[in-house]
Amino acid sequence: MGARLLAWLGLLGLCAAYLQGGLNKLLDLQGGIAEAAHFGLPFPLLVTIGTILLELGASAMILSGRLRWLGALALGGFTLAATFVALRYWEMPPGQPRFMAANAFFEHLGLAGAFLLVALYDKGWLARRA
């Protein structure tokens, strides 16, 4: 396999959760609205529609290479914001649920970091400054 195909497969893996999440919300709009309401977000319908557009649109930008840096920054920022909304492990009592939430919190920070690296690489800034 060529390096370009491997790179695209890596980007597909990075976007997989967002493609799945956007499609699930699109196919089950009521479930997406319920999820937004569960986290206390205002205007759950608008938040859900915005989330669908962001997850699918930014993933398409990354995978197509068109404004990849912008799609990567959008998903990185979204991931960071969603992490602080949904995974506030520090508010949980000690135990297995807190442990799992803390692991997921730091895994999501890693995803946000990966998107930042994709944006930097796409703009050519990583090679010059690393």
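Residues numbered from 1 in each chain as written. Predicted model: local features only at pLDDT ≥ 70, side-chain atom pairs only at ≥ 80, totals over all residues. Heavy atoms only, no water.

Visitor: Can you lay out the overall build of the chain for me, pointing to particular residues and giving the numbers?
Guide: Looking only at helices and strands, the chain features six helices and zero strands. Start at the N end of the chain and walk to the C end: the helices and strands fall as α-α-α-α-α-α. Projected onto its principal axes, the C-alpha coordinates of the chain cover approximately 45 × 35 × 25 Å. When each of the 130 residues of the chain is scored for burial, the buried share is 27%. Across the chain, contacts joining residues at least 24 apart in sequence account for 54% of those joining residues at least 6 apart. Of the roughly 8100 Å² of accessible surface on the chain, a fraction of 71% belongs to carbon and sulfur atoms. (Helix = DSSP H or I, 4+ residues; strand = E, 2+ residues; numbered from the N terminus. Buried < 20%, exposed > 50% of the residue type's maximum accessible area, 1.4 Å probe, protein only. Contact = heavy atoms within 4.5 Å. Areas by Shrake-Rupley, 256 points an atom, 1.4 Å probe, with all protein chains shown as cover.)

Visitor: Quick rundown of unusual backbone geometry? Include the residues and the values.
Guide: For Phe43, which is not a glycine, the phi torsion comes out positive at approximately 50°. Mapped onto the elements of the fold, Phe43 is located in the loop between α2 (29-38) and α3 (44-64). Unusually for a residue other than glycine, Leu67 sits at a positive phi of about 55°. Following the sequence through the fold, Leu67 ends up in the loop between α3 and α4 (68-86).

Visitor: Give a detailed account of a nonpolar patch on the surface, specifying residues and quantitative values.
Guide: On the surface, Met1, Leu5, Leu6, Trp8 and Leu9 cluster together into a nonpolar patch covering about 520 Å² of accessible area. Met1 sits in the exposed class, given a relative accessible area of 73%. (Patch = residues over 30% accessible without salt bridge, like charges linked within 9 Å, V, L, I, M, F, W, Y side chains within 5 Å. Salt bridge = Lys/Arg side-chain N within 4 Å of Asp/Glu carboxyl O.)

Visitor: Lay out the packing of α4 against helix α5 (residues 96-122) in plain terms, naming residues and giving numbers.
Guide: Two elements in contact, α4 and α5, have axes separated by 8 Å at closest approach and are oriented at 165°. Taken together, the axes of α4 and α5 lie roughly antiparallel to each other. Handedness of the crossing formed by α4 with α5: left-handed. Across from Arg68, Trp69, Ala72, Leu73, Leu75, Gly76, Thr79, Leu80, Thr83 and Phe84 in α4, the residues of α5 making contact are Phe105, His108, Leu109, Leu111, Ala112, Phe115, Leu116, Val118, Ala119 and Asp122. For the contact of α4 with α5, the class distribution of residues is 14 nonpolar, four polar and two charged. (Axes fitted to C-alpha atoms, helices over the stretch in contact; angles between N-to-C directions. Parallel < 35°, antiparallel > 145°, perpendicular 65-115°, else oblique. Left-handed = near helix turned anticlockwise from the far one by under 90°. Nonpolar A, V, L, I, M, F, W, Y, C, P; charged D, E, K, R; others polar.)

Visitor: Account for the nonpolar core, naming residues and giving values.
Guide: Among the nonpolar cores identified, the biggest contains 12 residues, and these are Leu11, Leu14, Cys15, Tyr18, Ala58, Ile62, Leu63, Ala72, Leu75, Phe115, Val118 and Ala119. When contributions to this core are tallied by element, the ones reaching two or more residues are α1 (3-27), α3, α4 and α5. The element that contributes the greatest number of residues to this core is α1, accounting for four residues. Not counting residues up to four positions away in its chain, the partners in contact with Val118 are Leu11, Leu14, Arg68 and Ala72. (Core = buried A, V, L, I, M, F, W, Y, C linked by side-chain atoms within 4.5 Å.)

Visitor: Any chance you could break down the side chain of Thr79 for me, citing the residues and the numbers?
Guide: On the secondary structure map, Thr79 appears in helix α4. The exposure class of Thr79 is buried, given its relative accessible area of 2%. Of note is the side chain of Thr79, whose polar atom sits 2.7 Å from the backbone oxygen of Leu75. (Polar contact = N/O pair within 3.5 Å; in protein donor to acceptor, adjacent residues only side chain to side chain.)

Visitor: Explain the environment of Ala16 to me, using residue names and the numbers behind them.
Guide: Structurally, Ala16 is set in helix α1. Exposure remark for Ala16: the relative accessible area of 38% places this residue in the partly exposed category. Here the alpha-carbon distance between Ala16 and Ser59, two residues 43 residues apart in the chain, equals 8.4 Å.

Visitor: I'd like to hear about the pattern of salt bridges, residue by residue, with values.
Guide: For the coordinates displayed, the defined rule picks out three salt bridges. Put simply, Glu35 and Lys25 hold a salt bridge, and the shortest N to O gap is 3.5 Å. Taken together, the residues Glu35 in helix α2 and Lys25 in helix α1 connect sequence positions 10 residues apart. Exposure remark for Glu35: the relative accessible area of 37% places this residue in the partly exposed category. Among the salt bridges present, the one from Lys25 reaches Glu55, with a minimum N-O distance of 3.7 Å. Separated by 30 residues along the polypeptide, Lys25 in helix α1 and Glu55 in helix α3 bring together distant segments of the chain. For the pair Lys25 and Glu55, a shared accessibility class is recorded, and that class is buried. Linked through salt bridges whose partners overlap, the residues forming this network are Lys25, Glu35 and Glu55.

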